[in-house]
Structures are given as structure tokens and as C-alpha cells.
Amino acid sequence: MKRPQLLAIFLLICSAAFAQTAPPADLATIQQSFKKLNVLGSVLYMAAHPDDENTRLLAYLAQEKHYRAGYLALTRGDGGQNLIGNEQSEILGLIRTQELLAARKVDGAEQFFSRANDFGFSKGPEETLRIWDHEKVLGDAVWVIRKFRPDVIICRFPTTGEGGHGHHTSSAIIAGEAFKAAADPKRFPEQLKYVQTWQVKRVLWNTFNFGSTNTTAPNQFKIDVGVYNPILGKGYGEIAADSRSNHKTQGFGSAKQRGSSFEYFKTILGDAPVNDLMDGVNTTWGRVKGGEAIATELAGIKKDFDLERPEKSVSALVALLSKVEKISDIYWREQKAKALKDVIAACAGLWFEAYADQPAYAVNEPIKVSSQILSRYSDQIKVRSIDDQHTDQHFANGKTIPAGVVQTFNSTAVVDKITQPYWLEMPHPLGVYNIAEQEDVGNPENPNPPYVGFDFIIEGSTLHFERKLMYKYVDQAKGEIYQPIAIAPPVTANIVSKDYVFNSTKPQAVQIKLQSFTNATGSISLKPIAGWKITPAKIDFTNTPKGTEWTESFTIAPVDNKPGNNVLQAVVTAGGKDWSMGFQRIVYDHIPTITLFPPAESKLINIDLKTAGKKIGYIAGAGDVVAESLAQVGYDVHQLTETDIMNTDLSVYDAIVTGVRAYNTNPRLVIEQPKLMEYVKNGGNFVVQYNVFQPLVLSQIGPYPFRVVNQRVTDEEAKVTFIDSQHAVLNYPNKISQADFDGWIQERGLYFVTGIDPRYKTILNMNDPGEAPNPGSLIVGDYGKGRFVYTSLDFFRELPAGVPGAYRLFVNLLSMPK
């Protein structure tokens, strides 16, 4: 990825006092850094998804053994479920990426990814590696290994399938292949323009005891990772819980564990360790030429370190840096020089940051930047330059930073590239992202965000640092908050609905929300589509101030009523260029604000669809957009509160629907359930969407028993057969056929049911290849005068994706013949 250009225009100087965002500089961090400076070893953990990693082991490796530790998750978890919101697919992947980065800040490891896309549950590695594009994902793993240069690779899962997921097994297969390929100059030779081949010492499998699957054994190599770190004031079981609890979308809040805890390992490739994970690897400064002298000097600095006066070590640390920067091993020179500079800044009491005055700017728009510097202990530090990597702003002999006084340097900058996540810059097929630049591969975020460079003169030497350019503001409840700045198109366009569903030639209004990121003049239009009438052709806007948000409306109708899907694209013309990008901001308290610019698109879905009934009650679950999809086809959808359920007449609703995982996430359903069952008994229609098998707030969700189990059909094209073709849910008001199961995405369904009471009717059979037909995706039972429906079909994915047959079948579930 090309580095965005920040073009400095002017520089002013003033003094002020603000809060800090620089890296930690406390004494515990400094002491831990001294220990890490003395260790030259690295370990790479490999698995498939966010939350697969062993956070206790990573914390132990990074903060007890002081290795450079990393986690390579082959995917970003895009195909997972979401316990805290309705984001899915790539958007969920963005959130889970930030959850992993938040976890790494706690456990001290680094984070990497491949281009593999999590396409949902897979029952075997053959399917996974085919969909992922085996060779490309292997190449990414080789790239990360060649850059990170691990001495040891640790896999979370084996190649033999005990991990229970095709992605899990595939991650181990990729690890074994990458072990060999990374050392072979004939494999992925195009990478050698940037990196060198690398031979890993060994590959281990971190065996496990999950539920009924125990792969550990007494004769396996083991490490006690439950030890206590007195500097940090925590054991690694406590740190691991804090780390793992960042995986909030997956509901992985974890209890802190204390005391001894062993991890077990089986050697897959290379020499087996006997006494230590790093047997046969020199992890001291003796690893590099001239390192012994550095080790001796570092030991002296550590011995003489004054906890009350850390700045007294700065002179010796700067002298040590000059020696580190001369070692011939490029990799360890870069790693240790960067770490040593951070220690010098911490000991010197040097704090600095750069922030913008607004959260978002249009591409090439001037940005007001404030760069702040504070020297806490002395006036012996000078700033030589504050630069943008294009126009250095020099102070001839360096400008002294007075002790204890924040110095603010104001400048104006321009960024010439939109801050779109690099893996979302281009459309991609199922299974893999398209990545244009080799050097972007592996990075958790864009590797070159807008930033400011600082050069300081410390003890006569020039030290260079960079700080990411952030937006800083104060929230009255949360305090000072920093978020990455967003560089946007001049004007973005969000089509209000993701889908527009037609079942006649009657026109519909299409609303577009526009937002200007600069003073803009131009027009908004909808790209013409054959067979559709769009009016007006375009709508102009003139001198629209920055920050304006407004809505324009178009009318669209099919010329005829032929079933089919089309993509509707909004086009903004501004500044002599066409833009088709929306604006989306994702805000959760546990991660930084995420900004992206999705395609300004929607789907036009022409369906042969009949509806019955009108008023639907919806009980929210973990998060989905099914209610919005139902509104699109004309239903009057009411989000039901506990007060509504307990204190109003539910008979006014033609159907009541629970959102996905409602019986996992809403404990109040225990109280509400009798009223809902009474609604069914008196003639209501209650539709429950899927739940996972644990934890359930009720042991019996329906009027009669059934059991939710971890069974699913992952092949979205799996054949569906009708057990009872005459049942009402297959005939009223829409006649369901095999064609209604065409075009489904990701899977058929998940967490099917078994132990089904005979008073329910099973409706559908389906199965993945090589498995027996499974009737647990849809059950219907009469109860009193009404009907109870439980479905494990993944309507929460299919309806937002505009799958016509999913709409037709779901409407039938909502519709009871009178």
C-alpha cells in the first residue's frame, strides 16, 4: 500500500497542556522492556480465527520469557456470529480484527492475518483449502514467517481433525507446509525482493483438553504458564482472561484463573524440545556478532537503574543504541533499536503525540494538525524536526523543549489516499480477499496510516519516532477519547435500504443519505439499469458546506414484473470525479472507532411474493436485521419490550418473531415465556429463530420438548427435500419449490434440533455430503389454537442478502391459514 502523503504547509509554535496518548512509560513497562531487550528469540502462534489463540500461553511467552511473540490468524472471523450487534461478514471481520488487537495490547503479543476469508463453518480441510485458494493463503503464511522470523511455530490445532472445524485443520496444514516453503528460495520467489528465506527450528502442536476431547498426554513436553509476575502484579491466567474477554462479539468473557497451569506440546516438525521450548536456539545477544559486548553493557545499565530517577540511565542507553545500530544482523538490529528508542523516551520522560482537529476529512483537504511534546525531567532534549515524510520542518540547531511545559506545534497537512481497510479496497470472491500490494499482506490494519514523524536530539544523538495522527475529543461520561482520523471521498452516499423488494410494477421511493466531507458542488444519480425506470436522472447540489447531511429521493420501478435481482448503484459526481462509496462508522466501547466506505449499492429484488397478515411483533436477540427485511416487504414490524409483552394484548400481532439467539442472551424471556405461550395457545403464531445449545435461559423453548445441538448444514447448495410437501408452511401463501433454495449464501442452517417431540412436524431434510439427512432445521407444532415454529435455517443471513426463496419461505412461517 502506498503511504498517504502529508504535505505540510506551515508551522507555528505555542504552549499548552493536554492529556497523553503516548505508549506506556511506567516503571513496570520500563523494567519489562529491559528484560525483553536482553532476549533474541521469537515464537509465532498459528490458528484460523480470532479467539482460537491461547492467550495465557501468548502472555507467558511475551511477558515472562520476553520472546517476540505473534499470533497469525488466517482469517478475521468474518463468517462468525455476533453476540453484541447486527454486523455480519466483512463488517464483523473489522470488529473482530480490533478485538484481537485489543487482546494483544493486554497479552503483549503481535497480530497478523492472511488474506483468507472466514466463509462460515467447514466440515473438512478439503473444502476449506479449495475455497481459500490454498496456494495464496500458504504464500501469505510464508510471507509472515519470512518477515517475523520465528524460531518456533506453535499450532493451536492438529492436521488430523480433532479441532472439529475445517478451518482449524487447514491452519495446521498451512503451518506445516509453510515451515518448509519459507526456507525454500524456489517457493514464492517474488517475496525475496522484500524478505529473505527463513528456517524455523520446530513446529509444535499445543495439545488441548476441550470438553470430551483430551489430546494431552503425560509424556508430552509441557510448560507451567500459570506463574505469577511480581512486576506486573498478575499471573498469566489473570492476564489471559483480560485478553480473551476482548472477544465480546463471540461472548468470550472469561474468569481470571490463578495458580499453576500446564500447557502441553507435541512436536510436528523439526527437533523435539527436551528441556526448553527454545532448545537449540541461542536467544541471548550471543546470537549476533558483537552481541556479547551489548549484553554486558545492558546488564550494567539495568543494575545501575534508579527507580526514582530513570532519566539517569538515558546517557548510557543512548550510547548503547549507537552500538545496537551497528550490528550486522538487520532483523535484530531493527527490532532492538526500535525497542531501545522507546525505552530511552520512557526513561527521559519524553512524551509526544499528533492529533487532528476533526474526525474526518475529504481526500486532499487541508488538515489542521497539532503535534505536542513534553519533556518531564529536564531541558536537555531538543526537537530537530517534525515532519510528514515529504517536507521536513527543521530547527537549525534543534529547539530546546523546556522541562515540564507542553509544547504544541501547529501545522497543516493533506492526505492523498482514502483510509479504506486495504483488504476491502477491491471486490473479492468467496474465501479470499484481493490484496494489491505484497507489503500489505499480514498486517492487521493499514500499515501506513496518516502519521507525523519526530526527530529529537538526546545526548547528542538524533532519534527518530513516528506517531499515528489521531482525533482527540472529550466525552462527558467517558473522558478523553482518541480515534483514528478518516480520509473520505468528498461526498458519500448511503442507500437507505440494503434491499428493495418488488412483487409488481408499482414504483418505490429510494432514499439516499448524503454526507459532505468538504464544501462540495456536484450531483447524485442512480446508475441506469436495463428493465428499470429511474426518475429523476440526477439531482444537483451546490456549495454544500462540509459536515452537511441530507437526503435525496428517487423513484424506481421495474418495466415488467420478471423475477430477478439487480444491483442498484448510487453515483456522486464531485470535483470532476465519480464516487460510489458510502460511509459507515462502527462504535463500541471496547475497541477504537472503525470507519469504512462500503460500496454505495443496494439490491433490487423482483420476487413472486404473496403476503398474509400485516402486523409483526419482534423480540430482539443478539443482533440481526430480519425486522428491517420484513419491513421491506410491507410488514408493520414492532420491536417488543418486556412491558409490551407482559402488559398489552398480543393477539393484535399476526406473528411474533424472536431474533437470533434471543434465548441465549435475554434472561427476561424466563419471565415472558408464559405470556408468549398463552399468545400461541389463544391462536397466535410464534416463530423462534436459531439459538446455540448453551447457555439457554430456558430448558424448554417451545410448548413441547426438543433439544438444540451443535449440528449444521454448511453447504449452501445442499439438496433440500420436503418431508411433508402438503404442510401449510410450504404452501401458504407461497408455493415453495426446490428453486426457493437456490442462491443461498454461506450455509443452510446452524444449531439444528433433535429429540423432537412427536407433536411437532418436521418439514425439511438436508445434509452435507457424506452425512445422513437431518430433519432438524424447521419444526412446526400446533398448540391450542395457535402455532409454534422453530427454525435453524439462517434467515438472518439470507434475508439481508436478498435471497428470494428465503423471503418466500419466511413469509410462509409468518402466515397461518385462517
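Residues numbered from 1 in each chain as written. Predicted model: local features only at pLDDT ≥ 70, side-chain atom pairs only at ≥ 80, totals over all residues. Heavy atoms only, no water.

Peer 1: Describe the sheet that holds strand β9 (residues 221-224), and please don't skip the residues or the numbers.
Peer 2: With mixed pairing, seven strands are arranged side by side in an open sheet as β4-β3-β2-β5-β6-β12-β9. Either end of the sheet is taken by a strand with one partner, and the two such strands are β4 (110-113) and β9. The average angle at which neighbouring strand axes cross in this sheet is 30°, direction not considered. Pairing of β9 with strand β12 (residues 262-270), which is carried by four bridges, proceeds in the antiparallel orientation. Looking at the pairing, Lys222 lines up with Tyr264 of β12. (Pairing = 2+ DSSP bridges. Helix = DSSP H or I, 4+ residues; strand = E, 2+ residues; numbered from the N terminus. Axes fitted to C-alpha atoms, helices over the stretch in contact; angles between N-to-C directions.)

Peer 1: Just give me the short version of helix α3 (residues 89-107), but keep the residues and values in it.
Peer 2: In an α-helix there are 3.6 residues to a turn, and that puts residues three or four apart on one side. The terminal C-alpha atoms of α3 lie 27 Å apart, and with 19 residues this matches the ideal 27 Å at 1.5 Å per residue to within 8%. Here α3 lies mainly inside the structure; 15 of its 19 residues are buried. (Expected span 1.5 Å × (residues − 1). Buried < 20%, exposed > 50% of the residue type's maximum accessible area, 1.4 Å probe, protein only.)

Peer 1: Tell me about the side chain of Gln673, and please be specific about residues and values.
Peer 2: Among the structural elements, Gln673 can be located in helix α14 (residues 669-681). A residue is classified by how much of its surface remains accessible, and Gln673, at 7% relative accessible area, is buried. Leaving out residues up to four positions away in the same chain, Gln673 has contacts with Tyr663, Leu698, Gln700, Ile701 and Gly702. (Contact = heavy atoms within 4.5 Å.)

Peer 1: Would you mind going over the side chain of His49 in detail, with residue names and values included?
Peer 2: In this structure, His49 sits in the loop between β2 (42-47) and α2 (55-63). Using a relative accessible area of 6% as the deciding quantity, one classes His49 as buried. Looking at His49, its side chain comes within polar contact range of the side chain of His167, at 2.9 Å. Within polar-contact distance, the side chain of His49 engages the side chain of His168 at 3.4 Å. Setting aside anything within four residues of it in sequence, one finds His49 in contact with Tyr71, Ala73, Thr75, Asp118, His165, His167 and His168. (Polar contact = N/O pair within 3.5 Å; in protein donor to acceptor, adjacent residues only side chain to side chain.)

Peer 1: Go over α2, please, and point to the residues and values.
Peer 2: A large share of α2 lies buried, amounting to nine of its nine residues. By the burial criterion, the buried members of α2 are Thr55, Arg56, Leu57, Leu58, Ala59, Tyr60, Leu61, Ala62 and Gln63. N-cap assignment for α2: the residue whose side-chain oxygen lies 3.3 Å from the backbone N of Arg56 is Asn54.

Peer 1: Could you give an account of a nonpolar patch on the surface, with specific residues and numbers?
Peer 2: On the surface, Met646, Val670 and Ile671 cluster together to form a nonpolar patch covering roughly 210 Å² of accessible area. Tracing the backbone shows Met646 in helix α12 (residues 642-647). On the basis of relative accessible area, Met646 is assigned to the partly exposed category, the value being 32%. (Patch = residues over 30% accessible without salt bridge, like charges linked within 9 Å, V, L, I, M, F, W, Y side chains within 5 Å. Areas by Shrake-Rupley, 256 points an atom, 1.4 Å probe, with all protein chains shown as cover. Salt bridge = Lys/Arg side-chain N within 4 Å of Asp/Glu carboxyl O.)

Peer 1: Any chance you could break down the packing of helix α1 (residues 27-37) against helix α10 (residues 330-348) for me, citing the residues and the numbers?
Peer 2: Helix-helix packing is characterised by the crossing angle of the two axes and by the distance between the axes. The geometry of α1 relative to α10 is characterised by a closest axis approach of 10 Å and an angle of 155° between their N-to-C directions. Comparing the axis directions of α1 and α10 gives the class roughly antiparallel. Taken as a pair, α1 and α10 cross one another with a handedness that is left-handed. Note on element contacts: α10 touches α1 through Lys336, Ala339, Leu340, Val343, Ala346 and Cys347, opposite Ile30, Ser33, Phe34, Lys36 and Leu37. Tallied by class, the residues present in the contact of α1 with α10 amount to eight nonpolar, one polar and two charged. (Parallel < 35°, antiparallel > 145°, perpendicular 65-115°, else oblique. Left-handed = near helix turned anticlockwise from the far one by under 90°. Nonpolar A, V, L, I, M, F, W, Y, C, P; charged D, E, K, R; others polar.)

Peer 1: Explain the environment of Ser699 to me, using residue names and the numbers behind them.
Peer 2: Turning to its location among the elements, Ser699 is positioned in the loop between β38 (685-689) and β39 (707-708). According to the relative accessible area criterion, Ser699 is exposed, its value standing at 76%.

Peer 1: Tell me about the pattern of salt bridges, and name the residues and values.
Peer 2: Applying the stated rule across the entire model yields 31 salt bridges. As a salt-bridge pair, Arg187 and Glu135 come within 2.8 Å of each other at their nearest N and O atoms. In this pair, Arg187 sits in the loop between α6 (166-181) and β6 (202-207) while Glu135 sits in helix α5 (residues 134-148), placing the two residues 52 residues apart along the sequence. Where Arg797 meets Glu747, a salt bridge forms, and the shortest distance between an N and an O atom there is 3.2 Å. Of this pair, Arg797 sits in helix α15 (residues 795-798) while Glu747 sits in the loop between β41 (720-722) and β42 (749-750); the two residues are 50 residues apart in sequence, bridging distant segments of the chain. Relative accessible area serves as the criterion here: at 3%, Arg797 is assigned to the buried category. Taking the relative accessible area as the measure of exposure, Glu747 reaches 1% and is therefore buried.

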